[in-house]
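Overview (structure and organization)
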2 protein chains.
Amino acid sequence: MRIGELSRRTGVPVPTVKYYVREGLLPAGELTSPNQAHYGERHERRLRLIRALLDVGGLSVAAVRDVVAAVDEPDRSVHKVLGEATNPIVPRFPQGPDDEALAAARDRVGELVAARGWRLDGDHPAVTALAETLAALERAGHGAFAEVLDDYADAADGVAEADFDHVRKRVALDDLVESVVVGTVMGDAIFASLRRMAQVHRSSRLYGDAAD
Amino acid sequence: MRIGELSRRTGVPVPTVKYYVREGLLPAGELTSPNQAHYGERHERRLRLIRALLDVGGLSVAAVRDVVAAVDEPDRSVHKVLGEATNPIVPRFPQGPDDEALAAARDRVGELVAARGWRLDGDHPAVTALAETLAALERAGHGAFAEVLDDYADAADGVAEADFDHVRKRVALDDLVESVVVGTVMGDAIFASLRRMAQVHRSSRLYGDAAD
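This is a predicted model, so every value here is computed, not measured. Sequence positions are assigned chain by chain, starting from 1 and proceeding in written order. Written order determines the labels here, with chains lettered from A and ligands numbered from 1. Only residues with pLDDT of at least 70 are given local features in this predicted model, and only at 80 or more are side-chain atom pairs given and counted; all residues enter the totals for whole chains, interfaces and linings. Side-chain metrics in this entry use all non-hydrogen atoms of the structure; hydrogen atoms and water are not considered.

1. A word on the side chain of H142(A)
What counts is decided by this rule: Secondary structure elements are taken from DSSP: a helix is a run of H or I of four residues or more, a strand is a run of E of two residues or more, and numbering for both begins at the N terminus. Distance and chemistry together define a polar contact, namely a pair of N or O atoms within 3.5 Å, with one atom able to donate a hydrogen and the other to accept it when in protein, and with adjacent residues in sequence counting only for side-chain atoms on both sides.
With respect to the helices and strands, H142(A) occurs in the loop between α7 (125-139) and α8 (149-170). Polar side-chain contacts of H142(A) include one of 3.5 Å to the side chain of R45(B). A polar side-chain atom of H142(A) sits 2.9 Å from a polar atom in the side chain of E178(B).

2. Side note on helix α5 (residues 78-86) of chain B
Since the α-helix advances by 3.6 residues per turn, residues separated by three or four positions end up pointing in the same direction. Rules: Note on classification: 1.4 Å probe, protein chains only; a residue is buried when its accessible area is under 20% of the maximum for its type, exposed when over 50%, partly exposed between these limits. Should any heavy atoms of two residues lie within 4.5 Å, those residues are considered in contact.
Residues H79(B), V81(B), L82(B), G83(B), A85(B) and T86(B) constitute the buried set of α5(B). Buried residues along α5(B) sit in contact with α9 (176-207) of chain A together with α4 (61-72), α8 (149-170) and α9 (176-207) of chain B.

3. Some details on the interface of chain B and chain A
Rules: When two components associate, each loses some accessible surface as probed by a 1.4 Å sphere; the sum of these losses over both components is called the buried area. Just to be clear on terms, a salt bridge is a Lys or Arg side-chain nitrogen sitting within 4 Å of an Asp or Glu carboxyl oxygen.
Taken together, the contact between chain B and chain A spans 90 residues of the former and 89 residues of the latter. Across the chain B/chain A interface, buried area totals approximately 8700 Å², and carbon plus sulfur atoms make up 67% of it. Considering only the side of chain B, the residues that lose the most area to chain A are R92(B), M197(B) and Y207(B), jointly responsible for 9% of the buried surface there. The interface formed by chain B and chain A includes ten salt bridges. A salt bridge links E161(A) to R202(B); its shortest N-O distance comes to 4.0 Å. Along the contact surface separating chain B from chain A lie 33 residue pairs in polar contact (both at pLDDT 80 or more). Broken down by secondary-structure element, the contributors of at least two residues to the side of chain B that touches chain A are α3 (41-56), α5, α6 (100-116), α7 (125-139), α8 and α9 of chain B. At 27 residues, the largest contribution of residues to the side of chain B that touches chain A is made by α9(B).

Below, the structure is given as structure tokens:
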């Protein structure tokens, strides 16, 4: 298809598509004449992945470039490639000073990782995000909320198990990295929506009245 | 304390504090002389709440105004106030066309809500966010990922239970709405970090090798 058709099918304006090509996020189309390029289904899927990472994942263009580079070169161990592809995808978190609250939060996260026997680096971006979030809660006078941490970790482990069960059963090796990236970004939005829905239900049961 | 001290303790610049007062997010300080205002611990906590909603929750200033208005007027049923305070806090989601993929996703979400007996409106913002996310997955060729939905809903229900257990055991009624708002925003970041950590661990077990 031509670039106009690609734009229409994905809802991404033509100048934006060209920008992604210039920035190295999207491979160039195949030239069919000196000023006409042909785009295929591969481009369409890549474009949707880029939009998901930008819009839902909230990643920067530079971070998306890192992710798609890892998707395109799965030439080393799958674990390493998955790490490179998903490390930039970290939830938004508050960044505060390097104070006592942060040191205590780092210790708490370290204890949780050790107690669960989770194999991951102590300086993984998600570990930092979690410690900074717990420190911000403490500073805001809501430090007691951290008592939910073990229940959250149980739930997160169940979700990660479902993620990888899906990947192992349904996903061809060629699509593995892209699938994990999409699932990581979209899964956060899916979970947050479901959590909100379950909260509304529980709030209704606990605090609702006949007039609600 | 004076506004300069409030700024130093929270890391929010003085002009930004004044902007929040003008926009109705933060109550004005108590005037101690014609051009000097006194701020208390209540202002400091409110300022941290505002920053959490803006930075971590990704809310707009207008949405933050709605949330803090609900926090400040818990004069009706708790369930209604909680709804007004938390409805604006919806995860980022992709917004696509009103097509067959969206209709099918809406049906799927409706079935899930019915099967679980969850009491919530079919047009709740979180229901819309979930349906749009599932539709975007389908359009991107990753519709099969929706098979994780029930496992995710189980986990989300467990997290919501931990959220309300915490609230019921630890939180005074005066602080209820603020605590739920903080927990809603920060809880998403905490869960997403823990999910990423659990994924790294599982990836290491499944796909890692001795060299990793």
